[in-house]
Amino acid sequence: MPLAQELKPLEIDAYVDAVSLDAAVRALADGAGTPVAGGTDLWIQKDLGKRAYGRRLVNIRRVAALGGIAEEGGRIRIGALATMTEILESPLLLRAAPVLPATADRFASVQIRNAATVGGNIANASPAADMVLPLLCLDAEVELARWHENRIDRRRLPLAAFFAGPGKTRALPGELITAVSFDRPAAGSFGAFQKSGPRPALEIARVALCIAGRREGRRLTSVRIAAGAVAPTPIRCPRTEAEIEGVALDDAAIARALESLGREIAPIDDVRGSAWYRRHLAAAFLEEELGRVARS
Ligand SMILES: Cc1cc2nc3c(=O)[nH]c(=O)nc-3n(C[C@H](O)[C@H](O)[C@H](O)COP(=O)(O)OP(=O)(O)OC[C@H]3O[C@@H](n4cnc5c(N)ncnc54)[C@H](O)[C@@H]3O)c2cc1C
């Protein structure tokens, strides 16, 4: 069958090309509209018929207020429209939070990276959203805006509290992600991202794991661990973090951390891999990263 006949028609009543935040949130008010940024998730989901969308399509790509990557007063702010390519090439992030460019480097293909935005990655709320993991490790907040009582109403939520389930967030109807922000990591901080898929950089993760913190010899402090594709949402692993915090990393300590991780994750069997294999991969990633510190 020719491809054109397999695709469902785009079911929209109106298309709004927003050029200001004001125009975008007005067009989205009360959930009447669907924002489109890079479109890399939206078009695929629309054709699969897996999610319901508002019938007014609101293109936010030309809203300048939603772009940019900048630091102000020790806080780094990444606009919702920042693409994976912009994150990969940002001199500020390469210096201050290199785990973000390192994650972008494992994200899809060049073509997808040029279109895919950080706001779309968060809003899509996939359990396997790669860029969410380093942002969780950075204790990031999501910045939100909506049109309410004739004005733009803004609020912030910790990213860790933003996800409600697969494909579900705690955003209010019509609320747009405007940015994600976090404190500049202290000097000497490190972060590492690991991901497995049939084609590691081109595909949705089978399992992904991010670890961040500060190295003090064979110890880690301010430890943060986040994992993807092992639970209904991307998760932090606070009990495993506590197990590692400040402890001299020898074989026994690493074994305790791996046991703890096994209790914190709850992967499922699906087309990308079995629950057993996902557990194995998550443990292997953590063991590799902790082993690196133990041997240093
Ligand atoms: C071939 C391919 C490979 C991929 N590889 C990866 C990968 O390696 N890792 C990974 O994590 N993902 C991957 N993805 C998924 C996708 O590219 C990412 O999730 C991407 O970041 C989505 O961003 P977008 O701008 O394209 O979002 P869109 O498709 O434009 O939007 C996605 C959803 O978010 C909503 N939305 C968009 N922006 C906002 C906003 N600012 N505020 C509120 N809601 C908003 C939209 O309405 C829609 O529901 C892949 C996709 C494809 C097609």
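Coordinates for the structure precede this section.
Residues numbered from 1 in each chain as written. Predicted model: local features only at pLDDT ≥ 70, side-chain atom pairs only at ≥ 80, totals over all residues. Heavy atoms only, no water.

**Here we look at unusual backbone geometry**
Thought 1: Of note, Asp30 is a non-glycine position whose phi angle comes to about 60°, a positive value.
Thought 2: Following the sequence through the fold, Asp30 ends up in the loop between helix H2 (21-28) and strand S2 (33-36).
Thought 3: A positive phi angle is found at Ser222, which is not glycine, with a value near 50°.
Thought 4: When you line up the elements, Ser222 lands in strand S13 (residues 219-228).
Thought 5: Overall, the relative accessible area of 39% leaves Ser222 in the partly exposed class. (Helix = DSSP H or I, 4+ residues; strand = E, 2+ residues; numbered from the N terminus. Buried < 20%, exposed > 50% of the residue type's maximum accessible area, 1.4 Å probe, protein only.)

**Points about the site of the ligand**
Thought 1: Around the ligand, the structure places 32 residues, and the nearest of them are Pro35, Gly38, Thr40, Asp41 and Thr117.
Thought 2: Take Leu42: an N or O atom from its main chain is 2.8 Å from an oxygen atom of the ligand.
Thought 3: A distance of 3.0 Å separates an oxygen atom of the ligand from a polar atom in the backbone of Ala108.
Thought 4: About the coverage of the ligand: the protein hides 90% of its 980 Å² of free accessible area.
Thought 5: When residues of the shell around the ligand are traced back to their parent elements, those giving at least two are S2, helix H3 (42-48), helix H7 (110-115), helix H8 (118-123) and strand S10 (176-183).
Thought 6: Its residues assigned to classes, the shell around the ligand comprises 20 nonpolar, 8 polar and 4 charged. (Near = heavy atom within 4 Å. Polar contact = N/O pair within 3.5 Å; in protein donor to acceptor, adjacent residues only side chain to side chain. Areas by Shrake-Rupley, 256 points an atom, 1.4 Å probe, with all protein chains shown as cover. Nonpolar A, V, L, I, M, F, W, Y, C, P; charged D, E, K, R; others polar.)

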